[in-house]
Amino acid sequence: MSLTRRNFIKCGLMTGAAVSLTACQRNVEHGVVSQYVMPEYAIPAQPLYWATTCGECIGGCGVAVKTTDGRAIKLEGLPEHPLSRGRLCARGQSGLQVTYHPSRLNDITDGSGKVLSRDWGEFFKSTLDKSNLTDKQPLFVVRSLGGTLGGLLIELAKETKGKIWLLDYPSRLAERQVMKALTGKAELPFYRFEDADYAVTFGGDLLALGHNIVRSGWGYGEFRQGRGRDRGTLVSVSSRINMTAGNSDRWLPTRPGAEGWVALAVGNIIAAKKGGSVWPAWAKSVSLEKAAEASGLEASLIERLAAQLLKAKKPLIVADSDAGNYINGVDSLYIIHSLQKLLTGSIETFEPENVLGVKGGVPKGLIVNTAEAMKHLDSTNCLATWIFDLDVVNLMPASIDAKAQLAKGGNLVVFSTFASETSKLAKAVVPILNWVEEFGDQRITGAGLDIYNVQQPAIRPHWENARSLGDILTAIKVGDPIGLGVIPNGAADGASKGKTFHDLIKGDADQTRWEALLARGGSYKEESLASDIYKHRVATPPKLVADPGKPPAGVNPYEGLEPASVTAWTETFVEGPVLVPIATLALRDGSLGNRPWMQELPDPMTTSVWGGYIEMSQTLADKLKVKRHDVVRVTVPGVEKAIVGPALPSASMHEDFIGVPVGAENPDYSGWSNLNYGLGSKVFGRYGYTNANYSKGGINPLTKIKAEMTKAGEPQWVGAKVEVAKDPENKVDMITAMDIRVFELPREILPFQ
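Cut-offs used in this document
- Residues numbered from 1 in each chain as written.
- Predicted model: local features only at pLDDT ≥ 70, side-chain atom pairs only at ≥ 80, totals over all residues.
- Heavy atoms only, no water.
- Helix = DSSP H or I, 4+ residues; strand = E, 2+ residues; numbered from the N terminus.
- Buried < 20%, exposed > 50% of the residue type's maximum accessible area, 1.4 Å probe, protein only.
- Contact = heavy atoms within 4.5 Å.
- Areas by Shrake-Rupley, 256 points an atom, 1.4 Å probe, with all protein chains shown as cover.
- Axes fitted to C-alpha atoms, helices over the stretch in contact; angles between N-to-C directions.
- Parallel < 35°, antiparallel > 145°, perpendicular 65-115°, else oblique.
- Left-handed = near helix turned anticlockwise from the far one by under 90°.
- Expected span 1.5 Å × (residues − 1).
- Polar contact = N/O pair within 3.5 Å; in protein donor to acceptor, adjacent residues only side chain to side chain.
- Pairing = 2+ DSSP bridges.
- Right-handed = clockwise from strand over helix to strand, strands pointing away.
- Phe/Tyr/Trp six-rings, centres within 6.5 Å; stacked < 30°, edge-to-face > 60°.
- Salt bridge = Lys/Arg side-chain N within 4 Å of Asp/Glu carboxyl O.
- pLDDT = per-residue confidence, 0-100.
- Core = buried A, V, L, I, M, F, W, Y, C linked by side-chain atoms within 4.5 Å.

Before we move on, could you go through the overall build of the protein and cite the residues and values that matter?
A count of helical and extended segments in the protein gives 21 helices and 27 strands. Taking all 753 residues of the protein together, 62% fall into the buried category. Of all intrachain contacts in the protein linking residues separated by at least 6 positions in sequence, the fraction that spans at least 24 positions is 74%. In the structure as shown, the protein presents an accessible area of about 29,300 Å², 51% of it carried by carbon and sulfur atoms.

Could you give an account of the environment of Met179, with specific residues and numbers?
Mapped onto the secondary structure, Met179 falls in helix H6 (residues 173-183). Exposure remark for Met179: the relative accessible area of 0% places this residue in the buried category. Measuring from C-alpha to C-alpha, the distance between Met179 and Pro563 comes to 7.6 Å, with 384 residues separating the pair along the chain. Excluding its chain neighbours within four sequence positions, the residues that come into contact with Met179 are Gly184, Lys185, Glu187, Pro189, His337, Ile347 and Thr349.

Can you break down the packing of helix H10 (residues 259-274) against helix H11 (residues 288-295) residue by residue, with the values?
Running from N to C, H10 and H11 cross one another at 160°; their axes reach a closest spacing of 8 Å. Judged on the interaxial angle alone, H11 and H10 are roughly antiparallel. Crossing of H10 against H11: the hand is left-handed. For the pair H10 and H11, the contacting residues are Trp261, Val262, Ala265 and Ile269 in the first and Leu288, Lys290, Ala291, Ala294 and Ser295 in the second.

So what's going on with helix H8 (residues 213-225)? Residues and values would help.
If you check H8, its first and last C-alpha atoms are 18 Å apart, about what 13 residues at 1.5 Å a residue would give, namely 18 Å. Taken across its 13 residues, H8 has 11 buried, putting it largely inside the fold. Turning to H8, its buried residues number three or more, namely Ile213, Val214, Arg215, Ser216, Trp218, Gly219, Tyr220, Gly221, Glu222, Phe223 and Arg224. Summarising the contacts, the buried residues of H8 are in contact with strand S9 (198-202), helix H7 (206-209) and strand S10 (233-238). Two or three places before Val214, at the opening of H8, Asn212 has a side-chain oxygen 3.1 Å from that residue's backbone nitrogen.

Could you give an account of the pairing of strand S16 (residues 411-416), naming the residues involved and the relevant values?
For S16, a buried count of 5 out of 6 residues is recorded, marking the element as mostly surrounded by other parts of the structure. For strand S15 (residues 384-388) and S16, the ladder comprises 5 bridges, and the chain directions are parallel. When the bridges of S16 are listed, Ala384 appears paired with Asn411. A crossover links S15 with its parallel partner S16, the connecting element being helix H15 (residues 402-407), and its sense is right-handed. Bridging between S16 and strand S17 (residues 428-431) involves 4 bridges; their strand directions are parallel. Across the sheet, residue Val414 finds its bridge partner in S17, namely Val429.

I'd like to hear about the packing of aromatic side chains, residue by residue, with values.
Within the structure shown, the criterion is met by 13 aromatic pairs. A centroid spacing of 5.6 Å and a plane angle of 90° characterise the contact between Trp261 and Trp569, whose relative ring orientation is edge-to-face. Placement of the pair is Trp261 in helix H10 and Trp569 in the loop between strand S20 (522-523) and strand S21 (578-582), with a sequence separation of 308 residues. Overall, the relative accessible area of 0% leaves Trp261 in the buried class. A relative accessible area of 9% means that Trp569 is categorised as buried. With 4.9 Å between their ring centres and 10° between their planes, Phe388 and Phe415 make a pair best called stacked. Of this pair, Phe388 sits in strand S15 while Phe415 sits in strand S16; the two residues are 27 residues apart in sequence, bridging distant segments of the chain. Phe388 sits in the buried class, given a relative accessible area of 7%. Using a relative accessible area of 0% as the deciding quantity, one classes Phe415 as buried.

Can you explain the pattern of salt bridges? Please cite residues and give values.
One pass over the structure, following the stated rule, counts 33 salt bridges. Note that Arg143 is salt-bridged to Asp589, the shortest N-O span being 2.6 Å. One end of the pair, Arg143, is in the loop between strand S6 (139-142) and helix H5 (147-159); the other, Asp589, is in the loop between S21 and helix H19 (596-599), and 446 residues separate them in sequence. Take Asp589: its relative accessible area is 5%, and that puts it in the buried class. For Asp656, the salt bridge identified is with Arg255, shortest N-O distance 3.2 Å. Pair noted here: Asp656 is in the loop between strand S24 (643-650) and strand S25 (657-661) and Arg255 is in the loop between strand S11 (250-253) and H10, with a separation of 401 residues, a long-range link.

Would you mind going over the pairing of strand S18 (residues 440-446) in detail, with residue names and values included?
With 5 of 7 residues buried, S18 lies mostly within the body of the structure. Bridge count between strand S13 (residues 349-354) and S18: 3 bridges; the pairing is antiparallel. Across the sheet, residue Phe350 finds its bridge partner in S18, namely Gly446. Where S18 lies against strand S19 (residues 449-455), 7 bridges are found, and the strand directions are antiparallel. Paired with Gly446 across the strands is Leu449, a residue of S19. The antiparallel pairing of S18 with S19 creates a hairpin that spans 2 residues between the two strands, and Ala447 there sits at a positive phi of about 55°.

Describe the confidence of the model for the protein, with residues and values.
Residues of the protein with pLDDT of at least 70 account for 83%, and the chain-wide mean is 84. Counted against residues more than four places away or in other chains, residues 1-30, with its pLDDT under 50, gives 46 contacts. Counted against residues more than four places away or in other chains, residues 745-751, with its pLDDT under 50, gives 9 contacts.

Residues and numbers for the sheet that holds strand S1 (residues 47-53), please.
Here we have 3 strands laid out as an open sheet, ordered S1-S2-S3, and antiparallel in their pairing. The open sheet has two free edges, formed respectively by S1 and strand S3 (71-77), since each of these has just one partner strand. Strand-to-strand twist in this sheet, taken as the mean axis angle between neighbours without regard to direction, amounts to 30°. Pairing geometry for S1 and strand S2 (residues 62-68), over 7 bridges, is antiparallel. Across the sheet, Pro47 pairs through a bridge with Thr68, a residue of S2.

How would you summarise unusual backbone geometry if you had to cite specific residues and measurements?
In this structure, Gln137 is a non-glycine residue whose phi angle is positive, near 45°. Its location among the elements puts Gln137 in the loop between helix H4 (120-128) and S6. The exposure class assigned to Gln137 is partly exposed, which follows from its relative accessible area of 30%. We note that Ala447 has phi near 55°; this positive angle belongs to a residue other than glycine. Within the secondary structure layout, Ala447 lies in the loop between S18 and S19.

Can you explain the nonpolar core? Please cite residues and give values.
Counting 119 residues, the largest nonpolar core has Trp165, Leu305, Leu339 and Met616 as its most contacted members. Ranked by the residues each element gives to this core, the list is headed by H10, at 9 residues. Not counting residues up to four positions away in its chain, the partners in contact with Trp165 are Leu139, Phe140, Val141, Val142, Val368, Asn369, Thr370, Ala373, Met374, Val392 and Met396.

I'd like a rundown of the environment of Val566, residues and numbers included.
Here Val566 shows up in the loop between S20 and S21. The exposure class of Val566 is buried, given its relative accessible area of 7%. Residues Val566 and Ala181, 385 residues apart in the sequence, show an inter-C-alpha distance of 9.0 Å. For Val566, the contacting residues outside a window of four places in its chain are Trp282, Val330, Asp331 and Tyr334.

Here you go:
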């Protein structure tokens, strides 16, 4: 398949090499290239663009990795991709910092960082071979499932009678269960901001933490610009002004976790005037006055919001994806999504985590929530636990002793790019590649989307002893470690099955189709561009090659989930200071703290960088006589260790709101793999303590909560009433950096109209 060729324009800035090549009528190669069609020649620093898919989240953004001289230097969005449309978020851009991070794991080690083996053949046989999992009912812990990699993991769990613990903060399982109850499909909601004229968000931060923030940001831009129509209006119902609420026209401050009460009252008003059998009968038993008391909003404001929604031609209701971790979280998700169904008659959904290569479907009970995972570990039947690139210890509340629980799970193997609190407990820590260096794929369906994304290595693996997780699982599946670079000495020709993860993704595609999949980054209907965001296609990703055709069929692994059963409203709310862990744009669940680009990304509302803080209302701060940067203690009754950090008083939250960004507690792994460069170069870099006390450890509110379990079997992160007091010493070694000039600008909370 020929590559896109473009001539360099002769100008005074051209190098001598380029001039000589032009004089010889040799066009400089420029294109999205594949592994199979390489340039005829190369000149120093000539850019190449490798079409692939961002692997930072489940969003599925199409990107091109820009490389020069075999090194990845920049990520660019693919303009024609239907989800990303040429854009890429900060988290996606920071993926390169994982690729070249000096503290990435590069050896198979034990929990202390001591090298166990550099012989992948021996390690595979002793630890990874499927025979080591037979009859051990293993527990596999993952952040998400999808594509061929997810299919391999499901097949492995089925063959070994294991379970898959889907652990993500905030958990998406509750939302899928609610969607299954309301739509019959265990998928995720899809929000078309671009088509709405009046949108209401109930909690959460869609623009910073949604299922695809790039797609949501684009839709929000269209919603605001109002191309060919009136500009859309956005109302935010939440306990804090976050990035989404900060971009809204009106903010209605509620008590933490009480957004569902507002949706319930609004729905009752609309159902009474509009009618509708989709609105649950039990909801009508809750009075407007009760909802106003629970939420902290005036009844008149709730009535006004209902009136505006009734007038809207294309209303859109957005539910907080982490509402499932509220006091009455499942009820809240159910009623908020029911409000959308009441207004428009339907809820649009999509599935970004279809798995490929699964035979016979996914059995019920194979995928478990946190409560079910704890039961499996307690049963003593689990004799092996494998964790895939996440830190379980830093995601579990104080009421779950994560270290003790994992100790019950037999041999612990952690597959990771970095050391963590969890890897300290492991029998073996296995270094893996990141998405810029390996093959992968993703199948997205629903909401009019029919997308097959393909990842390809843009560079040679930067760390010689790390391996692709896909190749590891493929080797386990076929019982042959050739994909790990292992070929037995003296093996006869054809003795090895020779299957690699690349082979599984390619499947039965012929060479022409496979090259097109790589050069395009998958198979999907491209978006027509009203205006090309890349004006100079010689210096930016070139236009896509033709679509290679129909994507492969996938399986939704969550269809076996039981639908949420909500038959009555849980009339619970908490008055007084309530601790709310904040998943930030910069750090998400704390796992992004090893990336300087993310640590240096100012929070959109507080402008803080580098560290953690304790956010509280100015009203509460005045009562406690606490000023900005004073050190305060937040104590959860029944939890021994308090949260200590600098105060950030603000008018941008409800008086009951006590917010703490999620970070890493004690990221000190400088001794791993001989990477001991001193305090300034620990795994999380000099920015690594997402905290106030650089030398004493960090702030992680997730581990300071005595959490009950929600109806969805996940920890209840929001709902713990806390005690807040000024620290007697009022001393801190390092404070969070905040821009005082921005902070001291006058701010007003606009009245709701």
